[in-house]
Amino acid sequence: MSMLHTNENIRNVAIIAHVDHGKTTLVDAMFRQGGVFREGQEVQARVMDRLELERERGITIAAKNCSVMWKGVKINIIDTPGHADFGGEVERALTMADGAILLVDASEGPLPQTRFVLKKTLEAGLKVIVVINKIDRRDARPQEVLNEVYDLFIDLGADDSQIEFPCLYAVGRDGVAMRSLDEQGTDLSCLFEAILAEVPGPAHDPAEPFQMLVADLDYSDYVGRLAIGRVFHGHVAGSDALLCIDAQGRHLPLKVTKLQCYDGVSIRETPGAEPGDIVVIAGIEDVKIGDTICTQERPRALKRITVDEPTVSMRIMPNTSPLAGTEGTYVQSTRIHERLQRETLRNVAIRLEVLPGSEGFVIKGRGEFQLAILIETMRREGFELCVGRPEVICEYRNGRVLEPVEHLYVDCDEEFLGVVTQKLSIRKGRMINYASQGTGRVRIEFNIPSRGLIGYRDEFLTDTKGTGIMSSYLLGYEEHRGEFPTRFTGSQVADRRGVAVSYGISGLEPRGRLFITPGEPVYEGMIVGEHSRENDIDVNPCKMKKLTNMRAAGRDDNILLTPVVPMTLERALQFIRDDELVEVTPRSVRLRKAELSSGKRHTLSIARKKAAG
């Protein structure tokens, strides 16, 4: 093999950070100063958050590419998600990078997701530049945070060259970076200079033929399937005849119909691409993430992208409620299957299984949040479906049951420490670290089964009055810790079809929290509220007041009902039990029993008690 050359005209850098540490805002500033936007151009904030859900929630869900020019060098920026549930996105994005910018909040320091993404970066052997962001915060502690970052690198087994990382300080919102805290920065030029100096140009072998690893897929109505990836060796030009090598080693011929590269936040057509560049190739329909595109004369496959195994599964089936088809466009099982199949092509971390008969499908992913985002996306596309409770995927080794275990990080006020610790210990959590910050807030770390966190987030926010921060990452698999109660309350279940009225609902309020408002359609088997005791009860929210001629007109108008918090998909998934489903439509999120008939549910519960007794 000949000597590797580096392409000094290109730098490929991934930006990694925990959720909310200012990554997308910093990229915005890099665009402005890198000349991507012309003077005076109207630009929305957080331009890299292109998906509607990303803009709503302020998080990055899908890894995305863009580029800026600095002193004649093209810097390809790969924006990665900061949430461990989207780890598959991180793994494929890092295959395109030669270096990474680790962004850390100057007050919060490195958090669990930072650890997760950094671990993947160090394993890939990438050069890291640390940027401590938000140093203008009143509670900023940049020096302590830098020490915590060093500890984290050592903890993750970084080698000597990786630990000798350059460190910059930044205020991403103002587009300012500096080499030391004493400096008064004016722009991001020192960050651009650090990228050129520290991140190596892409290495390639000039003797090797063209090879590209497919790291992402897209679709265009005009040219069909698009394969996105980095050119590892060789050159490619538009209209070249190439091969695609898939997971089974099959050679699929393709002719490049369109060759594009990243220019700012958009893509433009290019006559050719050099080693190290990130390109978009059109001309092949049957392509998957991890495939290699190479020449027909010397076909050679690159190492495929490997992702961690999924830890959570969820059952999806067509909507079977009496209201099915009234609010959505796509209700057929085949349409749902096609859409889920399409998702597995674009997202390497999601797996799909088809259940026998009309049982529906099982999707498997990294966490309940990732699966909830998929369902929310489908719902906005016009799909109607029913979703079961998320379940963890256990492993079986030598006759032992092993379950996924998470490292949980909690930041809350000291007064809530007792209730948080108590709830987590019920869910088989073990406290492994405790640190008081001297500001009335405490940081606690737990080792807890993944299933202990399903349904807890909502409870946690209520217990900490919305002030607690909770995040976690997967530690690995440990022996099953035994069963624990997931919910101490029952459900109020409607016993007939109709429309809910104020009088009927007011009679149910003393029995627990309600999920419906007057005027909403209900049906037998629909869950209309939470019962304050453990058992389920059948109720009638459609009950009208008996009329007599002895009552003054307008007497019913003064029924005052407790305001109902609108049901979100995440809250619904966290609330339901194993015998309950979430009915998801473009306009509504309803809770229901899997078996709608009251009589059949009663028969089933008697049979279960007999079997248990």
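(A) Layout of the overall build of the protein. Across its full length, the protein carries 15 helices and 36 strands. Looking at the 613 residues of the protein, the share that counts as buried comes to 54%. Considering only intrachain contacts with a sequence separation of at least 6, the fraction spanning at least 24 residues in the protein is 72%. Of the accessible surface of the protein, which amounts to about 27,900 Å², a share of 50% is contributed by carbon and sulfur atoms.

(B) Highlighting the nonpolar core. If you look at the biggest cluster of nonpolar residues, it comprises 64 residues, and the most contacted ones within it are L102, L118, V130, F153 and I293. With residues near it in sequence (within four places) discarded, L102 still touches I16, T114, L118, V128, I129, V130, V131, V149 and F153.

(C) Quick look at the pairing of strand β11 (residues 224-233). Of all the 10 residues making up β11, nine are buried; the element is thus mostly covered by neighbouring parts of the structure. Of the strand pairs in this sheet, β11 and strand β18 (residues 278-282) are connected by five bridges, and their pairing is antiparallel. Looking at the pairing, R230 lines up with I278 of β18.

(D) Here's a closer look at helix α12 (residues 456-463). For α12, the complete set of buried residues consists of Y456, F460 and D463. One face of α12 carries all of its buried residues, which in axial projection span an arc of 65°. Packing partners of the buried residues in α12 comprise β26 (400-413), α10 (417-426), α11 (450-453) and β29 (469-479). Downstream of α12 by a residue or two, K465 has a phi angle that is positive, lying close to 55°.

(E) Quick look at the packing of α10 against α12. Between α10 and α12, whose axes approach to 10 Å, the crossing angle comes to 160°. In terms of orientation, α10 lies roughly antiparallel with respect to α12. Considering the relative orientation of α10 and α12, their crossing is right-handed. Contacts from V419, V420, K423 and L424 in α10 reach Y456, E459, F460 and D463 in α12. Across the contact of α10 with α12, the residue classes break down as five nonpolar, no polar and three charged.

(F) Region of the structure containing the sheet that holds β18. Spatially, eight strands are ordered β14-β13-β19-β10-β11-β18-β15-β16 in an open sheet, and the strand pairing comes out antiparallel. The two strands at the open ends of the sheet, each matched to only one other strand, are β14 (251-255) and β16 (266-269). Each strand of the sheet is rotated relative to its neighbour by a mean of 40°, with strand direction disregarded. With three bridges connecting them, strand β10 (residues 211-220) and strand β19 (residues 292-295) associate as antiparallel partners. Bridge assignment links M212 to a residue of β19, and that residue is I293.

(G) Broad picture of the environment of R11. When you line up the elements, R11 lands in strand β2 (residues 10-17). Spatially, the C-alpha atoms of R11 and I77 are 8.4 Å apart, while their sequence positions differ by 66 residues. There is a polar contact of 2.9 Å between the side chain of R11 and the backbone oxygen of V199.

(H) Geometry of helix α9 (residues 368-380). For α9, built from 13 residues, the straight-helix expectation of 18 Å at 1.5 Å per residue is met to within 8% by its first-to-last C-alpha distance of 18 Å. Among the 13 residues of α9, 11 are classified as buried, and the element is accordingly described as predominantly covered. Regarding α9, the residues found buried are E368, F369, Q370, L371, A372, I373, L374, I375, E376, M378 and R379. Positive phi shows up at G382, right after α9, with a value of about 105°.

(I) Expanded view of the packing of aromatic side chains. Summed over all chains, the structure comprises six aromatic pairs. With a centroid separation of 4.3 Å and 15° between ring planes, the pair formed by W70 and F192 is classed as stacked. With a gap of 122 residues between them, W70 in strand β3 (residues 64-70) and F192 in helix α7 (residues 189-198) connect regions that are remote in the sequence. Given the relative accessible area of 1%, F192 is considered buried.

(J) View of the side chain of T292. Structurally, T292 can be placed in strand β19. For T292, a relative accessible area of 1% gives the class buried. A distance of 2.9 Å separates a polar atom in the side chain of T292 from the backbone nitrogen of L302. If near-sequence neighbours (up to four positions away) are discounted, T292 is found in contact with M212, L213, L243, C244, I245, R300, A301 and L302.

(K) Geometry of the confidence of the model for the protein. In this model, the protein carries an average pLDDT of 80, and 88% of its residues clear a pLDDT of 70 or more. Throughout residues 37-51 the model reports pLDDT below 50, and contacts reaching past four residues in sequence, or to other chains, amount to 37 contacts. Counting contacts from residues 53-63, a segment whose pLDDT is below 50, to residues more than four positions away or on other chains yields 51 contacts.

(L) Examining the environment of C412 more closely. Residue position: C412 is located in strand β26. Spatially, the C-alpha atom of C412 lies 9.5 Å from that of G466, the residues being 54 residues apart in sequence. Those residues in contact with C412, other than ones at most four positions away along the chain, are L417, V420, G440, R441, V442, I444, T464 and G468.

(M) Local environment of unusual backbone geometry. One non-glycine residue, K71, lies in the positive phi region at around 55°. Residue K71 is classed as exposed on the basis of its relative accessible area, which comes to 62%. One non-glycine residue with positive phi stands out, namely K134, at about 60°. Mapping K134 onto the fold places it in the loop between β6 (127-133) and α5 (142-155).

Rules of the game
Residues numbered from 1 in each chain as written. Predicted model: local features only at pLDDT ≥ 70, side-chain atom pairs only at ≥ 80, totals over all residues. Heavy atoms only, no water. Helix = DSSP H or I, 4+ residues; strand = E, 2+ residues; numbered from the N terminus. Buried < 20%, exposed > 50% of the residue type's maximum accessible area, 1.4 Å probe, protein only. Contact = heavy atoms within 4.5 Å. Areas by Shrake-Rupley, 256 points an atom, 1.4 Å probe, with all protein chains shown as cover. Core = buried A, V, L, I, M, F, W, Y, C linked by side-chain atoms within 4.5 Å. Pairing = 2+ DSSP bridges. Arc of directions from axis to C-beta. Axes fitted to C-alpha atoms, helices over the stretch in contact; angles between N-to-C directions. Parallel < 35°, antiparallel > 145°, perpendicular 65-115°, else oblique. Left-handed = near helix turned anticlockwise from the far one by under 90°. Nonpolar A, V, L, I, M, F, W, Y, C, P; charged D, E, K, R; others polar. Polar contact = N/O pair within 3.5 Å; in protein donor to acceptor, adjacent residues only side chain to side chain. Expected span 1.5 Å × (residues − 1). Phe/Tyr/Trp six-rings, centres within 6.5 Å; stacked < 30°, edge-to-face > 60°. pLDDT = per-residue confidence, 0-100.

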